[in-house]
Amino acid sequence: MRSLHLAWLTLAAAACGTDPVAVDPRTTSQLVLDGGLINESPQVIVLVVDDADTAEAAQLRERVAQSVRAGLLAVIESRWGTCGSPDPAQWHPGELRVVVARPSAPDAAALVTSREIPSLAWTTQTSREEEVEAVMAGVTEALGQRLAEPGEEYLPLRTARRALELVTGARAPEGEAEVALVRSLPQDRIARLLVASTRDDEGPGPVADEVPSQTALSMTLDTEVAGPFTTRDSTCSAIDEGSGRLAAWSELVRAEPIASHCDDQQTWDMLLHPGFADCGFICQAHPLAVDAGGVVACKVMIDQADLERCDAARGRHDPDGQPTFVERGGKELRRCEVVQLAGADLERCRHSLDCPGCPSGFCATEVPELVSQWRCMPSEHPWPLRFIGGAIEGRRGWINITCSTEAEK
């Protein structure tokens, strides 16, 4: 998840070099924060759901669609929460794809992707709740689009293995549709897999042969399984998975299976939840030095993976007008300076929560919703730097902030 993180502070002592901001030792001191930007990796959710033409399977498909909806709403909450930013003027980007793999269909017709249903791809800079409804509608359509036909063999384990290995790059694509899918996926993606079934797998071979490769599993955040298992009363967790193929496969992929017939809504809502994290809130001993015009004595540098240019649309330019390259962790990165807003843009950034019309850049804000004192000790000062638009957006990046602070009186 993209955010400014307390990990900066643990790396502050490692920063060195020429001071990029002027420091008067009589009135100011220097604060240096240096660390990696935390980013949300693009996700591909693979759904392998019972496609039987039965009321029980139809109810399961509906539950899975609701699980997708609940999971995406939780993702939005995270992007706007402590590991994201509550600032409406900052981008809240994300990229997520849903791939539905039909367990009874022949290989050539097994996958439903955004090529067939565009709303299965969700790329956003705003992360609004209303955007989730289109994704859920696409999932519902994909799950009910083609049901199992008489005489078709039910192979959810094989289907899950092939789909997961495809989206993680562990196997080569076969056919035009698979080639198009793989080409559409971002390189640094992670996968999530959900297999949900009212019945057991009908495959003929050893269950171990249907376990995804280690390469695929290493790129998979989690594997969830819902099946025809025994539970205690209303509890969804399986206490007796039986001796079937789906049960054996669940153990091999280290899933914690639930019962597909369970009615506990919270369990279904948590099935594709992104998890919880608290990235903290930066408080500091001394306030940053801000002049009478609202200009803060800070320099902000982004070391980005894109070597081609510093993107002005993200409020970045080359330091001193010269292309600058640095090395971090053995990788060459391009250093860009983030623009501090000026004039009317600065005033809006400092005093307006919505910051209408503000371009990407930063300021030291006084907006109460963003610099609430309650998060800090009475002797501390809340962190005032506000990043507008896409100023700190970008995967695999690093940030360096050097500021003058008001010296202790």
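I will try to describe carefully the structure that is included in this document. (Residues numbered from 1 in each chain as written. Predicted model: local features only at pLDDT ≥ 70, side-chain atom pairs only at ≥ 80, totals over all residues. Heavy atoms only, no water.)

As for its position among the elements, Gln43 is in strand 2 (residues 43-49). On the basis of relative accessibility, which here comes to 10%, the residue Gln43 falls in the buried class. Those residues in contact with Gln43 that lie beyond four places of it in its chain are Glu95, Leu96, Arg97, Ile190 and Arg192. (Helix = DSSP H or I, 4+ residues; strand = E, 2+ residues; numbered from the N terminus. Buried < 20%, exposed > 50% of the residue type's maximum accessible area, 1.4 Å probe, protein only. Contact = heavy atoms within 4.5 Å.)

The next point concerns the pattern of salt bridges. Counted by the stated rule, this structure contains 28 salt bridges. Between Arg328 and Asp34 there is a salt bridge whose closest N-O contact spans 2.9 Å. Of this pair, Arg328 sits in strand 14 (residues 324-328) while Asp34 sits in strand 1 (residues 28-36), placing them 294 residues apart in sequence. By relative accessible area, which is 17% here, Arg328 ends up buried. By relative accessible area, Asp34 is classed as buried at 11%. Among the ionic pairs, Arg146 bridges to Glu149, the shortest N-O distance being 3.6 Å. (Salt bridge = Lys/Arg side-chain N within 4 Å of Asp/Glu carboxyl O.)

Moving on, we come to the pairing of strand 15 (residues 331-338). Summarising the sheet, strand 12 (residues 298-304) and strand 15 pair through four bridges and their orientation is antiparallel. Bridge pairing in strand 15 places Ile302 opposite Cys336. Strand direction decides the pairing type here: strand 13 (residues 316-317) and strand 15, joined by two bridges, are antiparallel. Directly across from Arg316, in strand 15, lies its bridge partner Val338. The sheet contact formed by strand 14 and strand 15 spans five bridges and is antiparallel. If you follow Thr324 over to strand 15, its bridge partner there is Arg335. (Pairing = 2+ DSSP bridges.)

Before going further, it helps to examine helix 7 (residues 245-252). Buried residues of helix 7: Arg245, Leu246, Ala247, Trp249 and Ser250, and no others. Summarising the contacts, the buried residues of helix 7 are in contact with helix 4 (156-167), strand 6 (190-196) and strand 7 (220-227). Arg254 lies just past helix 7 and shows a positive phi near 60°.

In this section: the packing of aromatic side chains. All told, the structure shown has one aromatic pair when counted by the stated rule. Considering the side-chain rings of Phe362 and Phe387, the 6.0 Å spacing of their centres and the 35° angle between planes classify their relative orientation as tilted. Residue Phe362 is located in strand 16 (residues 361-364), and its partner Phe387 is located in strand 18 (residues 385-388); the two are separated by 25 residues in the primary sequence. Across this residue pair, the class does not change: Phe362 and Phe387 are buried. The lysine or arginine in question, Arg79, covers the ring of Trp122, its NZ or CZ lying 4.9 Å from the ring centre. Over the ring of Tyr154 we find Arg199; its NZ or CZ atom is 3.6 Å from the centre of that ring. (Phe/Tyr/Trp six-rings, centres within 6.5 Å; stacked < 30°, edge-to-face > 60°. Lys NZ or Arg CZ within 6 Å of the ring centre and 35° of its normal.)

Attention now moves to the state of the cysteines. Scanning all chains against the criterion turns up six disulfides. With its sulfur 1.8 Å from that of its partner, Cys236 forms a disulfide with Cys262. Disulfide Cys236 to Cys262: torsion about the S-S bond roughly -90°, handedness left-handed. With Cys236 in the loop between strand 8 (230-231) and strand 9 (238-240) and Cys262 in the loop between strand 10 (258-259) and helix 8 (265-270), the pair connects residues that are 26 residues apart, well separated along the chain. Cys262 carries the same exposure label as Cys236, and that label is buried. Between the sulfur of Cys283 and that of Cys376 lies a disulfide, 2.0 Å long from S to S. Residues Cys283 and Cys376 are joined by a disulfide whose S-S torsion is about -85°; by sign, that bridge is left-handed. One end of the pair, Cys283, is in strand 11 (residues 283-284); the other, Cys376, is in the loop between strand 16 and strand 17 (381-382), and 93 residues separate them in sequence. Here the two residues Cys283 and Cys376 agree in accessibility, since each one is buried. (Disulfide = S-S within 2.5 Å.)

Right, let's get into unusual backbone geometry. In the Ramachandran plot, Ser127 falls in the positive-phi region, its phi being about 50° despite a non-glycine side chain. Exposure remark for Ser127: the relative accessible area of 1% places this residue in the buried category. With a phi close to 60°, Arg254 is a non-glycine residue in the positive phi region. For Arg254, the location among the structural elements is in the loop between helix 7 and strand 10.

Another point: the environment of His381. Here His381 is to be found in strand 17. Along the sequence, His381 and Ile282 sit 99 residues apart, while their C-alpha atoms lie 8.8 Å from each other. Once residues within four sequence positions are removed from consideration, His381 is found in contact with Ile282, Cys283, Gln284, Ala285, His286, Pro287 and Cys376.

Here strand 19 (residues 398-406) lies mainly inside the structure; seven of its nine residues are buried. Inspection of the sheet shows strand 12 paired to strand 19 by six bridges, in the antiparallel sense. Looking across to strand 19, one finds that Val300 is bridged to Ile401.

All right, on to the side chain of Arg328 then. Engagement of the side chain of Arg328 in a polar contact is seen with the side chain of Asp303, the distance being 2.7 Å. With residues near it in sequence (within four places) discarded, Arg328 still touches Asp34, Asp303, Leu333, Arg335, Trp398 and Asn400. (Polar contact = N/O pair within 3.5 Å; in protein donor to acceptor, adjacent residues only side chain to side chain.)

At a closest axis distance of 9 Å, the pairing of helix 4 and helix 5 (residues 175-184) adopts a crossing angle of 45°. Classed by the angle they form, the pair helix 4 and helix 5 counts as oblique. In contact with Arg162, Leu166 and Val167 of helix 4, helix 5 contributes Glu178, Leu181 and Val182. (Axes fitted to C-alpha atoms, helices over the stretch in contact; angles between N-to-C directions. Parallel < 35°, antiparallel > 145°, perpendicular 65-115°, else oblique.)

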